[in-house]
Amino acid sequence: ETPADSHDPFALVGLTYDDVLLLPGETDVIPSEADTATRLSRGIEISAPVVSAAMDTVTEAPMAIAMARQGGIGILHRNLSIEDQVRQVDKVKRSESGMISDPVTITPDATLKDLDDLCAHYRVSGLPVVDAEKTLLGIITNRDIRFVPAEDYLTTKVYEKMTAQPLITARDGIASEEVIRLFSEHRVEKLPLVDDAGRLTGLITVKDFDKADKYPQATKDAEGRLRVGAAVGFFGEGFDRAMSLVEAGVDTLVVDTANGHTRGVLDMIAKLKAEPAAAGVDVIGGQAATRRGAQALVDAGADAIKVGVGPGSICTTRVVAGVGVPQITAIHESAKAARPAGVPLIADGGLQHPGDIGKALVAGADSVMLGSLLAGAAESPGDLVFSNGKQFKAYRGMGSMGAMQTRGKNTSYSKDRYFQADVPEDEELIPEGVEGRVPYRGPLSAVLHQLVGGLRQTMFYVGAHTVDELKAHSSFVRITPAGLKESHPHDISMTVEAPNYQR
Ligand code: XMP
């Protein structure tokens, strides 16, 4: 029995990030050495507890790639067709890997135009050339076609320009020292892997080797590919979408709705967990904001639970519907169900400052999902907008009119997140979000450096070497509006913009 379950309407006090601070403690932690690794879900570890939101102004492939490289993970939004979302997963999974087990290939009689299109789509510099039996015939890269005029692309065939066998190749399972030796000795950039019959079984590229060096913290699967999540609905084509994403290699599916305490969502989670084809793909469920809501998601078999009803910077759920739980309390209540079951919590929405990450973890979360704090990064979808000499990027709620309306598109996939799939006319929609813009913040690496750097400072102040220690040993002090005022800069007009503080 928690106050939330009692009949006393005022027994539960709702606190949020600004209502609390963490108590400093004895410490020997050096911020740069604090270990920020945590679990996203039962089966996925991340080295930084940050997840990018499944929103159409936050996470498409470039954001997901950048998030995974920095040790977090991105959740691809679902306000697009199944085919387009699958393509996004494919882009992330192919962006870098130790060994590409299913490389994109081209046939010898394809044209250079086909080659150019494929290379542009997958952002690669060349492709192995194979016949219908997958026998490796050659390799073709930018270097081979450098002097072919663009007007000849449609009439020139790949076999005319490829580097044909014999090529430098290797067998599956080759040791990495041997790979490095082959790359440096033969000055090649791509190493195709072949079986006894000469059929292509994989590809190793020099670029991937360099990236592994550059991003040692990256979130990767067992094959060395970046990990990625994708949002699905529980309604209509939701299950088919999920299966297509699984086939494309998605690492986790997020059953993404504004209220997870409902039969349709719980059944969808249970169905995905029971699906043999989805074995090994973690299923995340949401949203929860109470112990009972979280318990229902635990019972349905969720591998992680997303917490937050209405805290988001673009959300109007709490004012339109009058429903929600301030986020520190929502996390604390949800943890009462999730923690005994060993199910990680993702605190979703409402974080405004780096210090909110540590607060979310201490309240009971294992990671945080961020929308507005990441929407201004270079890797978010959409162009830069200039206004009064300043740069911005668009940011909107998935329950906003713009995201839910069908006008100008075949359909909206966002309506069912807010249980309004049955509403036929845009004019009849009840939006639960707003549309706007946030300041441009530069590359995601710089944004995350400040956010995760803030968490490292948290860990130093409270004396936590690891996230587990942070969660186990820290405690809060409740503060008053005067305390909050004291926390922010005061009695000064700021003349220099700080990289990690915006009013
Ligand atoms: P922040 O505060 O990080 O919040 O910008 C991002 C989270 O907000 C949720 N979300 C919405 N909630 N109406 C809502 O009530 C909306 O239109 C909306 N769009 C996104 C979502 O959980 C996201 O991760």
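Remember, predicted model here, so these are calculated numbers, not experimental data.

### Details of unusual backbone geometry
Thinking step 1. The linkage connecting Q165 with the following residue, P166, adopts the cis geometry, with an omega of 0 degrees.
Thinking step 2. The omega angle of the peptide bond from G286 to Q287 is 0 degrees, so this bond is cis rather than trans.
Thinking step 3. Residue placement: Q287 occurs in strand 13 (residues 282-288).
Thinking step 4. Located in the positive-phi region is R123, a residue other than glycine, with phi close to 50 degrees.
Thinking step 5. Of note, R123 is situated in the loop between helix 3 (112-122) and strand 6 (126-130).
Thinking step 6. For R123, a relative accessible area of 63% translates into the label exposed.
Thinking step 7. Here the phi dihedral of N388 falls at roughly 50 degrees; this positive angle occurs in a residue that is not glycine.
Thinking step 8. Here N388 shows up in the loop between strand 17 (384-387) and strand 18 (390-396).
Thinking step 9. Take N388: its relative accessible area is 78%, and that puts it in the exposed class.

### A word on a nonpolar patch on the surface
Thinking step 1. There is a patch of nonpolar side chains on the surface, built from L21, L23 and V477 and spanning about 200 Å² of accessible area.
Thinking step 2. With respect to the element layout, L21 can be found in strand 1 (residues 20-22).
Thinking step 3. Since its relative accessible area comes to 33%, L21 is described here as partly exposed.

### Remarks on the environment of L115
Thinking step 1. When you line up the elements, L115 lands in helix 3.
Thinking step 2. Since its relative accessible area comes to 2%, L115 is described here as buried.
Thinking step 3. As for L115 and T141, which are separated by 26 residues in sequence, their C-alpha atoms are 9.1 Å apart.
Thinking step 4. L115 has contacts with I106, L127, I140 and I145, leaving out every residue within four places of it along the chain.

### Examining the nonpolar core
Thinking step 1. Counting residues in hydrophobic clusters, the biggest one holds 112 residues, and the most contacted among them are V50, V250, L253, L272, I305, I331 and L374.
Thinking step 2. The dominant element in this core, judged by the number of residues it contributes, is helix 15 (residues 444-462), at eight residues.

### Examining the UniProt feature "binding site: NAD(+)" (unreviewed entry) in the chain
Thinking step 1. UniProt records the feature "binding site: NAD(+)" (unreviewed entry) for D256, G308, V309 and G310 in the present numbering. Spatial clustering of the annotated residues is evident: they stretch over 55 residues in sequence, but the largest pairwise C-alpha distance comes to 14.1 Å.
Thinking step 2. Following the sequence through the fold, G308 ends up in the loop between strand 14 (304-307) and helix 10 (317-320).
Thinking step 3. When neighbours within four sequence positions are excluded, G308 is seen to be in contact with Q287, A288, Q327 and D348.
Thinking step 4. As for its placement among the helices and strands, G310 is situated in the loop between strand 14 and helix 10.
Thinking step 5. Overall, G310 belongs to the buried group, its relative accessible area being 15%.
Thinking step 6. Discounting chain neighbours no more than four positions away, the residues touching G310 are C315, T317 and R318.

Definitions and limits used
Residues numbered from 1 in each chain as written. Predicted model: local features only at pLDDT ≥ 70, side-chain atom pairs only at ≥ 80, totals over all residues. Heavy atoms only, no water. Helix = DSSP H or I, 4+ residues; strand = E, 2+ residues; numbered from the N terminus. Buried < 20%, exposed > 50% of the residue type's maximum accessible area, 1.4 Å probe, protein only. Patch = residues over 30% accessible without salt bridge, like charges linked within 9 Å, V, L, I, M, F, W, Y side chains within 5 Å. Areas by Shrake-Rupley, 256 points an atom, 1.4 Å probe, with all protein chains shown as cover. Salt bridge = Lys/Arg side-chain N within 4 Å of Asp/Glu carboxyl O. Contact = heavy atoms within 4.5 Å. Core = buried A, V, L, I, M, F, W, Y, C linked by side-chain atoms within 4.5 Å. UniProt positions renumbered as here; feature names shortened; annotations may be inferred.

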